[in-house]
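# Analysis of the macromolecular model
Residues per chain, in single letters:
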Amino acid sequence: MAFQIILNLLIALIWMSLHTTWDTLNFVIGYLIGLLLIYIMRRFFPREFYGIKIWAVIKLLVLFIKELIVSSAVVLKHIISPRLKFKPGILTYQTELTSDWELTLLSTLVTLTPGTILIEISRDQHLVYIHAMDIQDAEELSAHIRGTFEQAIKEVTR
């Protein structure tokens with residue numbers, strides 16, 4: 001993947017050197033041309049096309065920002081409401097993530113989302129204990145984490 005990125009930057013610099021002006025627009029055009037060339041010649045590289053991983057990272061960031069905004073609104077609604085109607089609790093979550101990097105990313109994303117915090121990861125790294133401010137249905141919350149964060153993390157890391 002690093003080779004593809006360096007090759008793409010080199011193609012962009014060559015494109016810029018073929019023009020009389022060294023500006024951002026020429027660099028972006030050269031970078032996009034390099035991206036297209038690397039995509040066309042992707043079967044000659046030992047690893048998959050790096051644009052797929054970049055797209056997965058962008059999707060993960062967008063997902064996190066969306067979850068951050070939604071959970072912030074829910075926490076704000078609980079704060080503003082005159083009666084406390086939430087049900088805090090600890091969720092035991094069975095994860096399919098295996099590497100330390102994946103578990104660290106999951107714990108960071110869960111902890112940065114308002115209303116939730118990752119308390120502990122079991123020694124065998126298959127159980128994760130999450131404290132949530134409002135757990136109406138534990139199975140629904142587990143399915144939500146599995147379908148959003150865990151799936152996006154798998155796309156980025158595997």
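Just so you know, these numbers come straight off a predicted model, no measurement behind them.

### Some details on the overall build of the protein
Along its length, the protein carries 5 helices and 3 strands. Seen in sequence order, the protein has helices and strands lined up from the N terminus as α-α-α-β-α-β-β-α. For 158 residues, the compact-globule estimate of 2.2 N^0.38 gives 15 Å, and the C-alpha radius of gyration of the protein, at 21 Å, exceeds that figure by more than 25%. Referenced to the eigenvectors of the C-alpha coordinate spread, the extents of the protein come out at roughly 65 × 40 × 20 Å. With 158 residues in all, the protein has 32% of them scored as buried.

### Concerning the environment of L68
Note on placement: L68 falls in helix α3 (residues 50-80). Look at L68 and you get partly exposed, because its relative accessible area is 27%. C-alpha separation for the pair L68 and P114, spaced 46 residues apart in sequence, amounts to 6.8 Å. In this structure L68 touches L112 and P114, once residues within four positions along its chain are discounted.

### Focus on the packing of α3 against helix α4 (residues 100-112)
Close contact between α3 and α4 brings their axes to 10 Å; oriented N to C, the two are set at 30°. One element, α3, and the other, α4, form an angle in the roughly parallel class. Only L105, L109 and L112 of α4 make contact with α3, whose side of the interface consists of L60, F64 and L68. The class makeup of the residues in the contact of α3 with α4 is 6 nonpolar, no polar and no charged.

### A closer look at the side chain of T148
In this structure, T148 sits in helix α5 (residues 138-157). Residue classification places T148 among the buried positions, given a relative accessible area of 13%. Within the structure, T148 has its side chain in polar contact with the backbone oxygen of H144 (distance 2.6 Å). Setting aside chain neighbours within four positions, we find T148 in contact with L63 and E67.

### Description of α3
In this model, α3 (31 residues) spans 45 Å end to end at C-alpha, consistent with the 45 Å of a helix rising 1.5 Å per residue. For α3, the complete set of buried residues consists of Y50, G51, K53, A56, L60, L63, F64, E67, S71, V75 and H78. Those residues of α3 hidden inside the fold are in contact with α1 (2-17), α2 (24-40), α4 and α5.

### Quick notes on the pattern of salt bridges
Within this structure, the stated rule accounts for 6 salt bridges. A salt bridge links R146 to E150, with the nearest nitrogen and oxygen atoms 3.7 Å apart. Of this pair, R146 and E150 both sit in helix α5, 4 residues apart, which is roughly one turn of the helix. Judged by its relative accessible area of 0%, E150 is buried.

### Description of the environment of H144
As for its placement among the helices and strands, H144 is situated in helix α5. Apart from residues no more than four positions distant in its own chain, H144 is found in contact with E67 and F149.

Quick notes on the rules
- Residues numbered from 1 in each chain as written.
- Predicted model: local features only at pLDDT ≥ 70, side-chain atom pairs only at ≥ 80, totals over all residues.
- Heavy atoms only, no water.
- Helix = DSSP H or I, 4+ residues; strand = E, 2+ residues; numbered from the N terminus.
- Rg over C-alpha atoms; globule rule 2.2 N^0.38 Å.
- Buried < 20%, exposed > 50% of the residue type's maximum accessible area, 1.4 Å probe, protein only.
- Contact = heavy atoms within 4.5 Å.
- Axes fitted to C-alpha atoms, helices over the stretch in contact; angles between N-to-C directions.
- Parallel < 35°, antiparallel > 145°, perpendicular 65-115°, else oblique.
- Nonpolar A, V, L, I, M, F, W, Y, C, P; charged D, E, K, R; others polar.
- Polar contact = N/O pair within 3.5 Å; in protein donor to acceptor, adjacent residues only side chain to side chain.
- Expected span 1.5 Å × (residues − 1).
- Salt bridge = Lys/Arg side-chain N within 4 Å of Asp/Glu carboxyl O.

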